[in-house]
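Structural features, examined
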Amino acid sequence: MAEQIKILDTTLRDGEQSPGVSLTAQDKVDIAKQLERLGVDIIEAGFPLTSQGDLEAVAAVARAVRGPVIAALAHANPKAVDAARDALKDAERSRIHVFLSTSDIHLMHQLRKNKEDVLELAVTNVARAKQYCEDVEFSPMDATRSDREYVYAMLQECIDAGATTVNIPDTVGYTVPEEFEEFIRSIFENVSNIDKATVSVHCHNDLGLAVANSLAAIRAGARTIEVCVNGIGERAGNASLEEVAMAIRMRSDLLGFETNIVPSEIYRTSRLVSNLTGMSVQPNKAIVGGNAFRHESGIHQDGVLKMRQTYEIMNPTHLGWPAMEGGIVLGKTSGRHGFKARLEALGYDLGDEELSRAFLAFKELADKKQVIDDRDLEALVADKMRTVEETYHLESVQVSCGDKASPTATVRLVGPDGAVLADAALGTGPVDAIYKAINRIVHVENALTEFSVNSVTEGIDAQGEVTIRIESDGRSYVGRGADTDIIVASARAYMNALNRLLSVQRNAESEVPASS
Ligand code: KIV
Ligand code: ZN
């Protein structure tokens, strides 16, 4: 029988460390609930000491999720361990994850401490975590560039102090599969109490080897793999959840392992994370990229049409991919019942109010676009279910522009007290004019740092999905909007980002200072 590999997802922690990504507490809860449906065993929800906002976000995840273990990260410092404990107090099952660097380069240039002091810090903080929580993980950061004897000694002592999982991070993505496999094997040979802990691995992708290194580690005895959805994370990211899970599943004949990941939830998880982080998935990304199941050359198309398996090793619908061209379509005459049934088949179980909003938007879209396929429905539901509370709602937008005209926009917003607020502005282009008109009403300083448009489907009547990022006070906020008119989609995306910013500001104003 295949042996179980546990999946620890760190999208909400290492994934959030991707440059430009900033998730609200509600975003984290939405992603965590989806990770629960996906079958993740452990969800690393954040690093509570870094901000009161993150402490509260981890606490919100700990309250909302049942099933997976909720982990919180702490460096080897009593305040960090206590913040992790506070954040996890309502979790059904919790884990404190303590980390500390072990490489000479980190000790010398970052920690500026000697090996004995660092070892002492690791042990005392693991012991502190153990007083609060039975499940304690310890990571020697930059393990793959560390003196091995020192790593063995630290693991040995941290296990004695109560660590139940020891995680070996390839922090800078430096190792290669053969070397990493041998390193993990050497840990089993040189740490005499290793049988009291589970060995986990955490691989970064700087050389594009994170998944290969993770798979090499399980051959050597690791039984937990730390991953991020879509492979996001610091720099080049972490091992990708969907790639690790599907490699283990597809090649169980060779590897002999299995995971609890539910393949049919993979696509939706990927989309949700991409929507909420604002990080698009590269088209050629394995499993979840836009081209992953597209066939271009005539020979390939011919083969797939005759028999799918000629050029496809996985069936995209088993991974939750919506039907592509030729799949089930809805149109103008489709009713609420059919709409609801199709959404349910795609895995969306909307409440009455959300369904009504989505159905209204569907009818509006059906007036503009003849055929609505599953990809349109995905974009529409993502648009209507944006979980951020709307301080300002976009009621209408009108633009006049052209090669001989000055771009002018008029917007009407519904404000916090229900009043309709209208204003107009000129801009360098239509989107600039809209954003300036909105700024005249909302008055929040920010800078637009990213703007991109993607077509949801093919064809001239396709919906455009606009993703933007704005920055204010050193924090960035993502906004998305979809419409057949990309100018309207741009206005929606900006309102979405602004409402996020306002909601974060409101929460910060009502924050109680963290207890020490
Ligand atoms: O990459 C790393 O070393 C980490 C640790 C905190 C586990 O993310
Ligand atoms: Zn990491």
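What you see is a predicted model; the values in this text were computed from it and never measured.

**Things to note about the coordination of the zinc ion (ligand 2)**
Taken together, the protein donors to the zinc ion (ligand 2) comprise Asp14 (OD), His202 (NE2) and His204 (NE2), at separations of 2.0 to 2.1 Å. Mapping the donors of the zinc ion (ligand 2) onto the primary sequence gives the spacing D-x187-H-x1-H. Linking Asp14 in the loop between β2 (6-9) and α1 (25-38) with His202 in strand β8 (residues 198-203), this pair joins segments that are 188 residues apart in sequence. According to the relative accessible area criterion, Asp14 is buried, its value standing at 2%. In this structure His202 comes out as buried when scored by relative accessible area, which is 5%.

**Describing the packing of aromatic side chains**
Applying the stated rule across the entire model yields 7 aromatic pairs. When the ring of Phe339 is compared with that of Phe359, the centres are 5.4 Å apart and the planes differ by 50°; the resulting orientation is tilted. Linking Phe339 in helix α13 (residues 336-345) with Phe359 in helix α14 (residues 352-368), this pair joins segments that are 20 residues apart in sequence. Using a relative accessible area of 0% as the deciding quantity, one classes Phe339 as buried. Overall, the relative accessible area of 16% leaves Phe359 in the buried class. The structure contains a cluster of three or more aromatic residues connected by ring pairs, namely Tyr267, Phe293 and Trp321. Residue placement shows Arg85 over the ring face of Tyr132; its charged tip is 4.5 Å from the ring centre.

**A look at the site of ligand 1**
In the neighbourhood of ligand 1, the contacting residues comprise Arg13, Asp14, His97, Phe99, Ser139, Met141, Asn167, Pro169, Thr171, His202 and His204. In this structure, an oxygen atom belonging to ligand 1 sits 3.0 Å away from a side-chain N or O atom of Asp14. Take His204: an N or O atom from its side chain is 3.0 Å from an oxygen atom of ligand 1. Coverage of ligand 1 by the protein amounts to 94% of the 260 Å² it exposes when considered alone. Breaking the shell around ligand 1 down by element, the ones donating at least two residues are β5 (94-101), β6 (136-141) and β7 (165-170). Taken together, the residues that form the shell around ligand 1 break down as 3 nonpolar, 6 polar and 2 charged.

**Overview of the sheet that holds strand β16 (residues 475-483)**
As summarised here, the arrangement of the 3 strands in space is β14-β15-β16, forming an open sheet in which the pairing is antiparallel. Looking along the sheet, the strands with just one partner apiece sit at the ends: β14 (447-455) and β16. Recorded for the sheet is a direction-independent mean angle of 15° between the axes of neighbouring strands. Summarising the sheet, β14 and strand β15 (residues 464-472) pair through 8 bridges and their orientation is antiparallel. Looking across to β15, one finds that Ser452 is bridged to Thr467. The strands that helix α11 (residues 266-277) touches are β15 and β16; relative to β16, the one it contacts most, it runs at about 120°.

**A closer look at the domain arrangement of the chain**
One can read the domain layout of the chain as domain 1 (3-277), domain 2 (322-385) and domain 3 (393-509). On a C-alpha basis, the centres of domain 2 and domain 3 stand 24 Å from each other. For the domain 2 and domain 3 pair, buried surface summed over both sides reaches about 960 Å², with 44% attributable to carbon and sulfur atoms. Looking only at domain 2, the three residues that lose the most surface to domain 3 are Lys369, Arg375 and Asp383, adding up to 44% of its buried area. Inspection of the domain 2/domain 3 interface yields 1 salt bridge. Its salt-bridge partner being Asp483, residue Lys368 comes within 3.4 Å of it at the nearest N-O pair. For the interface between domain 2 and domain 3, the tally reads 2 residue pairs in polar contact (both at pLDDT 80 or more). Those elements giving two or more residues to the side of domain 2 that touches domain 3 turn out to be α14 and α15 (374-384). For the side of domain 2 that touches domain 3, the element with the most residues is α15, which contributes 4 residues.

**Re the confidence of the model for the chain**
In this model, the chain carries a mean pLDDT of 92, and residues with pLDDT of at least 70 account for 97%. Taken together, the stretch residues 512-516 has pLDDT below 50 and engages in 4 contacts with residues farther than four places along the chain or on a different chain.

**Here we look at the pattern of salt bridges**
Under the defined criterion, the tally for this structure stands at 41 salt bridges. With its nearest N and O atoms 2.7 Å apart, the salt bridge here joins Asp54 to Lys28. A residue pair is termed long-range when its members are at least 10 positions apart, and Asp54 in helix α2 (residues 52-64) and Lys28 in helix α1 qualify at 26 residues. Across the pair Glu312 and Arg308 runs a salt bridge, and its minimum N-O distance is 3.1 Å. Owing to a relative accessible area of 25%, Arg308 belongs among the partly exposed residues under this scheme.

**Focus on a nonpolar patch on the surface**
Taken together, the side chains of Leu448, Phe451, Val453 and Ile486 define a hydrophobic patch exposed on the protein surface, amounting to about 320 Å² of accessible area. Counting residues per element, the nonpolar patch draws most heavily on β14, at 3 residues. As for its position among the elements, Phe451 is in strand β14.

**Points about the side chain of Thr224**
Inspection of the secondary structure assignment puts Thr224 in strand β9 (residues 224-227). If we ignore the near neighbours within four places in the chain, the residues touching Thr224 are Lys6, Leu8, Ile42, Thr198, Val199, Ser200 and Val201.

**Observations regarding α2**
Spanning 13 residues, α2 covers 18 Å between terminal C-alpha atoms, matching the ideal 18 Å at 1.5 Å per step. Every buried residue of α2 is accounted for by Gln52, Asp54, Leu55, Ala57, Val58, Ala59, Ala60, Val61 and Ala62. Taken together, the buried residues of α2 touch α1, β3 (42-46), β4 (69-75) and α3 (78-87).

About the criteria used
Residues numbered from 1 in each chain as written. Chains lettered and ligands numbered in written order. Predicted model: local features only at pLDDT ≥ 70, side-chain atom pairs only at ≥ 80, totals over all residues. Heavy atoms only, no water. Donors = N, O, S within 2.8 Å, 3.2 Å for Na, K, Ca; no water. Helix = DSSP H or I, 4+ residues; strand = E, 2+ residues; numbered from the N terminus. Buried < 20%, exposed > 50% of the residue type's maximum accessible area, 1.4 Å probe, protein only. Phe/Tyr/Trp six-rings, centres within 6.5 Å; stacked < 30°, edge-to-face > 60°. Lys NZ or Arg CZ within 6 Å of the ring centre and 35° of its normal. Near = heavy atom within 4 Å. Polar contact = N/O pair within 3.5 Å; in protein donor to acceptor, adjacent residues only side chain to side chain. Areas by Shrake-Rupley, 256 points an atom, 1.4 Å probe, with all protein chains shown as cover. Nonpolar A, V, L, I, M, F, W, Y, C, P; charged D, E, K, R; others polar. Pairing = 2+ DSSP bridges. Axes fitted to C-alpha atoms, helices over the stretch in contact; angles between N-to-C directions. Contact = heavy atoms within 4.5 Å. Domains from an automatic or database assignment. Buried area = accessible area lost by both parts, 1.4 Å probe. Salt bridge = Lys/Arg side-chain N within 4 Å of Asp/Glu carboxyl O. pLDDT = per-residue confidence, 0-100. Patch = residues over 30% accessible without salt bridge, like charges linked within 9 Å, V, L, I, M, F, W, Y side chains within 5 Å. Expected span 1.5 Å × (residues − 1).

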